[in-house]
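# Reading the structure
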Amino acid sequence: QAQDAQGRISGDVVRIGVLTDMSGIYSDLAGEGAVEAVRMAAEDFGGTVLGAPIEVIFADHLNQADTAAAKAREWFDVEGVDMINDLSNSGAALAVAAVAKDARRHIIVNGASNIGITNDVCSPYAIHYAYDAYSLAHGTGEAVVEDGGLTWFFLTVDFAFGIGLEEQVTQVVENAGGEVLGSARHPLSASDFSSYMLQAQASGAEIIGIASTGGDAVNAINAAAEFGLTENQTLAALLLWLNDVHSIGLDAAQGLLLTNAWYWNMDEEARAFAERYYERVGSMPNMSQAANYSSTMHYLRAIEQAGTDDPDAVSEAMRSMPINDFFAENGYVREDGRMMHDMYLWRVKSPEESEGAWDYLEPVSTIAAEDAFRPLDQSTCYLVTGAAD
Amino acid sequence: MIEIFGVPLVALTGQIMLGIVNGAFYAVLSLGLAIIFGIVKVVNFAHGAFFMMGAFIAFLLLENLGIGYWGAIFLAPLIVGAFGIVIERLFLRRIYGLDPIYGLLLTFGMVLVIEGGFRVAYGSSGQIYTTPGALRGAADLGFMFMPIYRLFVIAAAVAICVLVWFAIERTSMGAKLRAATERPQLTQAFGIDVPLLMTLTYGGGVALAALAGVLAAPIQSVSPSMGSELVIIVFAIVVIGGLGSVSGAAITGLLLGVVEGLTKVFYSEASTIIVFLIMALVLLVRPAGLFGREEG
Amino acid sequence: MTANVLEIEGLTKRFGDFVAVGGVDLAIRRGSIHALIGPNGAGKTTCFNLLTKFLTPTSGTIRFDGRDITRSGPASIARMGLVRSFQISAVFNAMTALENVMLALQRKRGESYDFWTRRSVLARNRGEAAEHLDSVGIAHLADLPAGALSYGHRRALEIATTLALDPAVILLDEPTAGMGAEDVGRITRLIHDAARGRTVVMVEHNLGIVSEICDDVTVLSRGQILARGDYASVAVDERVVEAYLGGGHA
Amino acid sequence: MGMRSLLLALGALALLALVPFFPQVVYPVFAMRVMCLALFACAFNILLGHTGILSFGHAAFFGSAAYFCGYMLKELGLSPEIGIVTGVAAASLLGAIFGALATRRSGIYLAMITLALSQLVYFLFLRLPWTHAEDGMQQIPRGVLLGILDLDDDVTLYFVVLVLTLAGLALVHRIVNSPFGEVLRAIREHEPRAISLGYPVARYKILAFTLSAGLSGLAGSLKVIVYQVASLRDVHWSMSGDVILMTLLGGMNSVFGPVIGAALISSLYHYFDALGGWVTIMVGAIFIACVLTFRRGIVGELEAALATRRSTTSANDEKDGTNATN
Amino acid sequence: MPDASARAPSARAPSARAPLEIAGLEAWYGPSQALYGVALSVGAGELVTLLGRNGAGKTTTLNAIVGMVPRRKGSIRIEGIETGAMPSHKIARTGVAICPEDRGIYATLTAEENLVLPPVVAEGGLSVDEILVLFPGLKDRLKSPGTKLSGGEQQMLAIGRILRTGARLLLLDEPTEGLAPVVVKQIGAAIADLKRRGYTILMVEQNVRFASTIADRHYVVDRGRIAETFDNATLLADFDRISGRLSA
Ligand SMILES: Nc1ncnc2c1ncn2[C@@H]1O[C@H](COP(=O)(O)OP(=O)(O)OP(=O)(O)O)[C@@H](O)[C@H]1O
Ligand SMILES: Nc1ncnc2c1ncn2[C@@H]1O[C@H](COP(=O)(O)OP(=O)(O)OP(=O)(O)O)[C@@H](O)[C@H]1O
Ligand SMILES: [Mg+2]
Ligand SMILES: [Mg+2]
């Protein structure tokens, strides 16, 4: 078997690097959980592919684009890493995407939302797998607007991520004939949201769109509950993680609408994975961690299918093979690197509805892949437009 | 309806109330910082970390021992204050008499260790601490519904500031503390137990930070980094008030809470820098700070 | 050239509502040694601080060499040639005694913004610096860090540094305080020698020195001038005896 | 410089010249990062170690240079030499402004003013449209230096960075050991005395600020060319904290001590990143250890140890000498 | 020093519980040694001076007694209690107080706060009013920050404030330095007054003439040791020779 790999697997080993936030604000969303998910995939795949061992290494990008890019380049140049997974933090993901394009190596983005991955810095080697900003905006935005929520107020983190998200949802709202009554920008890691809540309240908007994530979203939602906003207005969280719901607690979070690609309790298969994951990590996986597993599997299968780990051959294989596992049903990777799969709108359960720890969400609707992600004809990716790179 | 720059007066009044709540935290924190700087001559960069510890310990007391808010509000400052005393005995003591910059650097290192430690142990995402039952709900102030807990914070902060100010400025304790700061050797040679004084002062200042942390726990999510940005704002506040001026620090804290709150209404993007802007201006116009004594 | 190198009119300094110096008029003759004496708290050091702009006068004008320097900054006043020493010794502790003096010479030669030349160009000031140390009797301590010198030696060093600037006017604030009798004698001679070709204004409590080398004496009390003249005439002034010398002083 | 340290320096230089040919041993990008930070720390130390001024806002100079250099290269498509010059000029100008404002106070106040000013600079770069906020300014082209040196070639880039860093360090050395540096030392020792000697202290401090900022700007410009990314972290106060630590760890009383500090701290982040949050704890512990036990920094402590050894050996030599003659 | 042995440092045998007895006192600043075995004693109600050149170790001796030098060794007994190893705040409680060379006035305290700062360690101290009678010049300046007083005012403040504490052993370091003659007289009178009240005083003095007007006995410190000792009569009899030698 080992001879099989000769010449077909570079360096006789398939090395997967998980480049993630191990110590910063995203370390609970990705971090060790992401690494563990990729490891599980490697093990479940059997530990070898085409006879070559699969090795998983990881590093901390410290949420710095330059650190991430340098690490990626070093991994590609001297460590012989074949694929980099996770890439939470958009700045880091974009920078690594550029490096990967140069180096002709694969990256799979699960942690970041920036749609530049499949547009400006797209390449045959970059796949955006779990979710992106467009899907968040259109998932929650459209569903809420359809439900009649036509006047909005935004609470936005004063970062490119937040402002971009706000712009997209604004578009959705205005397209549907709705109106944005105002917005307030808060700094990253703000400690107090009460002032913004009062502004939101004063705006009289039906919907308060929270265009921030993590600790900030948690704080904002808590403040909303404290000031009784939820009695007359509805909160729509544009990127809320399962971990965030866990933090907020169902008391304050109940009734919230949010879009996620996956939820551990959505079906039997998902539960099976989640329980194995829980054993190892001690918390339930979120959509990005599940996608870490699923995408790694897909990458390994593609190597097997291509019979080599040559990046171009693998790229082709990954784009030609459908994805059917606990994460996605009939998923596929588009030309521009977007992995197409359904997204889901969820509502946070009330404490009474919850059947136990980590049982937080109930499905509201399914957003078909074609609606969830930006149509290919709007893509600025050179692979799609045919423009010279 | 009366409007100011397009914002109704009623809404503005509400925002000012919220500013006062924030100012209350600033006041208690800057009070502790000013005391520590004024007396121990240490620029306590770890103040934010102790604030966080206060909140975290309240949370852990509830999680692990079932000790609720009213227990925590006494216990957590005690525990953190004791921790501060240990730090003072082990570390700070060795840098007295050196340039105050070393104190800044030492405590900067402590921040990394303390926050890093909590992050490793409890992760980086926030924990929720529920508001104590007696203080839940909101009060109708006419112009707004104000959560009762926030009103409690204002009252508690004002009480704390007045008590501390009294202890330091109106008792002979204050003179002793200042003397010990200025000429520790001589003061000790007069028969005052300076080392003990320093230890207790640092412990007290740290306990104040922790107390602010407990007050904050129900309205902020409790996370290892909750104090890290806060500390430099509180620093700026103390500098604006005049380093070493205890009452100045508290008053400035309240004031800037309000200013910051109003900034959030008119130009929310600038709310993070308004304090620094004011600080730069104040220092250039009134170098010793608003309440500081001109030195030299 | 005016006969008076320094002319002070109506010099006043208030600290809050306390008047430390109140409307002092003073003229210092070029080339004289002028003693400023007076009880403690009379405002002597404050006067020095005002002259060199370490404090800003509340009102009044100061003319140096006919030029109004009331608005100049402390460093530029020093560069014009009006240099002071401090009542509490001020030396660069981590530098050697020799380097202390060299630093003064360096300023005089005006090469101090040169960040692109080597420090070794300064070596040519060495010889002269050593001479200055020798003249105050601490040549043997040239290579000790100034911080390790005893109090008296530090004062000597400070005077050497001041003289190295070759100023037109030297303001010495109690140059012999804290010195042994032998040192006092040496410093007195030194001041006397240094006064050739320049003007010295000194605050001094040691009346022996004042009577020995000072040409003019101004007595200050509570921020105002009590008497002026030569030592002999001042010393018998009744008000001076009462306010400063104390009855029965020899 | 003694013979031994000259040999040491030459040896280090030779090793550095070998780096690009053995990327497995030391990754060249990492080595270049160390160089940039080493230059940054030494430039910073002109103020801290040699003038006695603690600036807590030096990231503003480093980061502004990175952004402005990046802007020239990416948005205007200009050549790297123009980018570098712009970066250095922008940083110097900013340094002069910071200096003029901050040196009106001293000590902790000064540190706080620089921190505040740097927060304003941070805010500026957060908001300018072409900086792309937290995503950073990315894919900055390296270009061709002076029309002949193609910086996209890794080896060329490496040697360009090496030469410019050495030039920067040489300038730091010269500044510190110049008549001007002598005045800075006097200001550190006793400011009123320096004034009374006739030195316009404020101007010296502003010039020191400007030079220190300009050299920090050179470091920032080089960093952006190496990484092709300018990010908010470059202007964040935690960067200012890092440079203080590097300087302190290396030794602030020596000219090149901070180089060692920069190398150690970067290595810690680089080689131990798998430890996640523990790295921060370690860095913090080093900070504490530095302040408590070796304030002179590594180089300072080594020098002190060498000095005592030298004095004991020379004492022994003397004894031996007398024995021989007897 | 031909006659050092003739006047061994025990001109008067101390009583069993002398207020101050020092033997073999050594002291260091960092690596450099400043005192090499100082031995002296002061009897109750005595006024003893330490004379000597700049840098001889006079200040260091006083500071060592109250524990203000970084490192010291040897025996110091105050009222019979061994204080050589005590932290300085405990030493103060044995009834000793110092008026330091630089006067040690606190800038951050008003003159009044300076005055009442040192804790009372024993009964029998003066009241603030009594101190103001002794130093009337201070009365108007009580509300000023301590270091904003003039040199002489500060000196009076520094002496005045240790009289409140009830300490019976006073250490005065160059109390007349930098003072106007009229103030020197005033201080001289004040010190004489203290002596009359039974205080035990150890004083460092450069001004030999001044010392000779009030002291009972003198020690000469030279290079960290006691070189000789004599009583005031000897000094007066031989004034020119001795004072000349002190500054040679
Ligand atoms: N803080 C210090 N650090 C290092 N050496 C010191 C220090 N203080 C004093 N010395 C040294 O110790 C020795 C004794 O100094 P001390 O101050 O006791 O002398 P002194 O007799 O009081 O002199 P003076 O009459 O000048 O006050 C001197 O050589 C002095 O240089
Ligand atoms: N910065 C200040 N703030 C307030 N008062 C001051 C200040 N500086 C000096 N004074 C007061 O001004 C008066 C004059 O002080 P100054 O130091 O000039 O006296 P002096 O004549 O030099 O006395 P000495 O001979 O004792 O040194 C004193 O009463 C002093 O308390
Ligand atoms: Mg004076
Ligand atoms: Mg002395």
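The name an unreviewed UniProt entry gives chain E is ABC transporter ATP-binding protein, with Salinarimonas ramus as the organism. Under the heading Sequence similarities (unreviewed entry), UniProt records this for chain E: "Belongs to the ABC transporter superfamily."

## A look at the packing of helix H2 (residues 31-44) of chain A against helix H12 (residues 287-306) of chain A
Helix-helix packing is characterised by the crossing angle of the two axes and by the distance between the axes. Residue and element names in this part refer to chain A. Contact geometry of H2 with H12 gives a least axis separation of 8 Å together with a crossing angle of 35°. You can see that H2 and H12 cross each other, and the crossing is right-handed. The residues of H12 that touch H2, namely those facing Gly33, Ala34, Ala37, Val38, Met40, Ala41, Ala42 and Asp44, are Gln289, Asn292, Tyr293, Thr296, Met297 and Leu300. Class assignment for the residues of the contact of H2 with H12 results in nine nonpolar, four polar and one charged.

## Quick word on the site of ligand 2
Not every one of the 21 residues close to ligand 2 is listed here, only the nearest: Asn40, Thr45 and Thr46 of chain C together with Arg141 and Lys148 of chain E. Between His205 of chain C and ligand 2, the recorded distance is 3.2 Å, taken from a side-chain N or O atom to an oxygen atom. A distance of 3.2 Å separates an oxygen atom of ligand 2 from a polar atom in the backbone of Gly152 of chain E. About the coverage of ligand 2: the protein hides 89% of its 640 Å² of free accessible area. Residue composition of the shell around ligand 2, by class: six nonpolar, 10 polar and five charged.

## What about unusual backbone geometry?
In terms of backbone geometry, most residues other than glycine have negative phi values and most peptide bonds are trans. Residue and element names in this part refer to chain A. In this structure, Asn63 takes a positive phi of about 60° despite not being glycine. With a phi angle near 85°, Asn89 is a residue other than glycine that sits in the positive phi range. Along the chain, Asn89 turns up in the loop between strand S4 (83-86) and helix H4 (90-103).

## Here we look at the sheet that holds strand S15 (residues 361-367) of chain A
All names here are of chain A. Strands sit in the order S8-S7-S9-S10-S11-S14-S15 across an open sheet of seven strands; the sheet is mixed. Only two strands of the sheet have a single partner each, and these edge strands are strand S8 (179-186) and S15. Mean inter-strand twist for the sheet, computed between neighbouring axes without regard to direction, equals 25°. Relative to strand S9 (residues 207-211), helix H8 (residues 214-226) is tilted by about 155°, and along the sheet it contacts strand S7 (151-157), S8, S9 and strand S10 (234-237).

## Considering the interface of chain E and chain B
Across the boundary between the two partners, chain E contributes 23 residues, which contact 16 residues of chain B. Contact between chain E and chain B buries roughly 1,800 Å² in total, counting both sides, with carbon and sulfur atoms accounting for 57%. When residues of chain E are sorted by the area they lose upon contact with chain B, Met68, His89 and Tyr106 of chain E head the list and together hold 31% of the total. At the junction of chain E and chain B, the tally comes to two salt bridges. Residue Glu113 of chain E is joined to Arg178 of chain B by a salt bridge in which the shortest nitrogen-to-oxygen separation is 3.2 Å. If you look at where chain E meets chain B, you find 11 residue pairs in polar contact (both at pLDDT 80 or more). Among the secondary structure elements, those contributing two or more residues to the side of chain E that touches chain B are helix H2 (88-92) and helix H5 (151-163) of chain E. The dominant element in the side of chain E that touches chain B, judged by the number of residues it contributes, is H2 of chain E, at three residues. Of the residues contributing to the side of chain E that touches chain B, the split by class is 14 nonpolar, four polar and five charged.

## A few points about the arrangement of the chains
Looking across the six pairs of chains in contact, one finds the most contacts between chains C and D. The closest approach of any C-alpha atom in chain B to one in chain C is 10 Å; the two make no contact.

## What to know about the coordination of the magnesium ion (ligand 4)
Residue and element names in this part refer to chain E. The magnesium ion (ligand 4) binds to the protein through Thr59 (OG1) and Glu101 (OE), with metal-donor distances spanning 1.9 to 2.5 Å. Highlighted residues: Thr59 in helix H1 (residues 58-65) and Glu101 in the loop between strand S6 (96-99) and helix H3 (111-116), separated in sequence by 42 residues. A relative accessible area of 18% means that Thr59 is categorised as buried. Residue Glu101 is classed as partly exposed on the basis of its relative accessible area of 26%.

## So, the site of ligand 1
The environment of ligand 1 is formed by 15 residues, the closest being Gly55, Thr59, Thr60, Glu101 and Gln206 of chain E. Lying at an intersection of chains, ligand 1 is approached by residues of chains C and E. One nitrogen or oxygen atom from the side chain of Thr59 of chain E is found 2.6 Å from an oxygen atom belonging to ligand 1. Here an oxygen atom of ligand 1 sits 2.6 Å away from a polar atom, N or O, in the side chain of Glu101 of chain E. When ligand 1 sits alone it has 630 Å² of accessible area, and the protein chains cover 72% of it. Per-element accounting of the shell around ligand 1 gives the leading share, three residues, to H1 of chain E. Here the residues of the shell around ligand 1 sort into five nonpolar, six polar and four charged.

## Considerations on a nonpolar patch on the surface
Residue and element names in this part refer to chain D. Residues Leu15, Leu18, Phe21, Phe22, Val25 and Val155 make up a contiguous nonpolar surface patch of roughly 590 Å² in combined accessible area. Position of Val25 relative to the elements: it lies in the loop between helix H1 (3-18) and helix H2 (28-51). Residue classification places Val25 among the exposed positions, given a relative accessible area of 62%.

## Some details on the interface of chain D and chain C
With 25 residues of chain D in contact, the opposing surface of chain C contributes 35 residues. Among the residues chain D hides against chain C, the three largest losses belong to Pro179, Arg193 and Leu197 of chain D. Together they make up 25% of the total. With a closest N to O distance of 3.9 Å, Glu158 of chain C and Arg193 of chain D form a salt bridge. Put simply, chain D and chain C have 11 residue pairs in polar contact (both at pLDDT 80 or more) between them. Of all the elements in the fold, those that place two or more residues in the side of chain D that touches chain C are helix H6 (154-176), helix H7 (179-189), helix H8 (191-196) and helix H9 (201-227) of chain D. Sort the elements by how many residues they give to the side of chain D that touches chain C and H7 of chain D lands first, with seven residues.

## Here's the deal with the sheet that holds strand S1 (residues 4-15) of chain C
Residues and elements named next belong to chain C. Read across the sheet, four strands follow the order S2-S1-S4-S5 without closing on themselves; strand pairing throughout is antiparallel. Because the sheet does not close on itself, it has two edges, and the strands there are strand S2 (18-29) and strand S5 (67-68). Of the pairings in the sheet, the one linking strand S4 (residues 59-64) to S5 comprises two bridges and is antiparallel in character. Following the sheet pairing, Arg63 is matched in S5 by Asp68.

## Some words on the packing of aromatic side chains
Using the criterion set out here, one finds 45 aromatic pairs over all chains in the structure. Geometrically, the ring pair formed by Phe273 of chain A and Phe326 of chain A is stacked, given 4.4 Å between the ring centres and 15° between the ring planes. Separated by 53 residues along the polypeptide, Phe273 of chain A in helix H11 (residues 268-281) and Phe326 of chain A in the loop between helix H13 (311-320) and strand S12 (332-333) bring together distant segments of the chain. Phe326 of chain A matches Phe273 of chain A in its accessibility class, with the two residues each being buried. Among the aromatic residues, those joined into a cluster by ring pairs are Phe45, Phe108 and Phe235 of chain B together with Phe56, Trp237 and Phe287 of chain D. The ring of Trp28 of chain E carries the charged tip of Arg71 of chain E above its face, separated from the ring centre by 4.2 Å.

So, how was this worked out
Residues numbered from 1 in each chain as written. Chains lettered and ligands numbered in written order. Predicted model: local features only at pLDDT ≥ 70, side-chain atom pairs only at ≥ 80, totals over all residues. Heavy atoms only, no water. UniProt positions renumbered as here; feature names shortened; annotations may be inferred. Axes fitted to C-alpha atoms, helices over the stretch in contact; angles between N-to-C directions. Helix = DSSP H or I, 4+ residues; strand = E, 2+ residues; numbered from the N terminus. Left-handed = near helix turned anticlockwise from the far one by under 90°. Contact = heavy atoms within 4.5 Å. Nonpolar A, V, L, I, M, F, W, Y, C, P; charged D, E, K, R; others polar. Near = heavy atom within 4 Å. Polar contact = N/O pair within 3.5 Å; in protein donor to acceptor, adjacent residues only side chain to side chain. Areas by Shrake-Rupley, 256 points an atom, 1.4 Å probe, with all protein chains shown as cover. Pairing = 2+ DSSP bridges. Buried area = accessible area lost by both parts, 1.4 Å probe. Salt bridge = Lys/Arg side-chain N within 4 Å of Asp/Glu carboxyl O. Donors = N, O, S within 2.8 Å, 3.2 Å for Na, K, Ca; no water. Buried < 20%, exposed > 50% of the residue type's maximum accessible area, 1.4 Å probe, protein only. Patch = residues over 30% accessible without salt bridge, like charges linked within 9 Å, V, L, I, M, F, W, Y side chains within 5 Å. Phe/Tyr/Trp six-rings, centres within 6.5 Å; stacked < 30°, edge-to-face > 60°. Lys NZ or Arg CZ within 6 Å of the ring centre and 35° of its normal.

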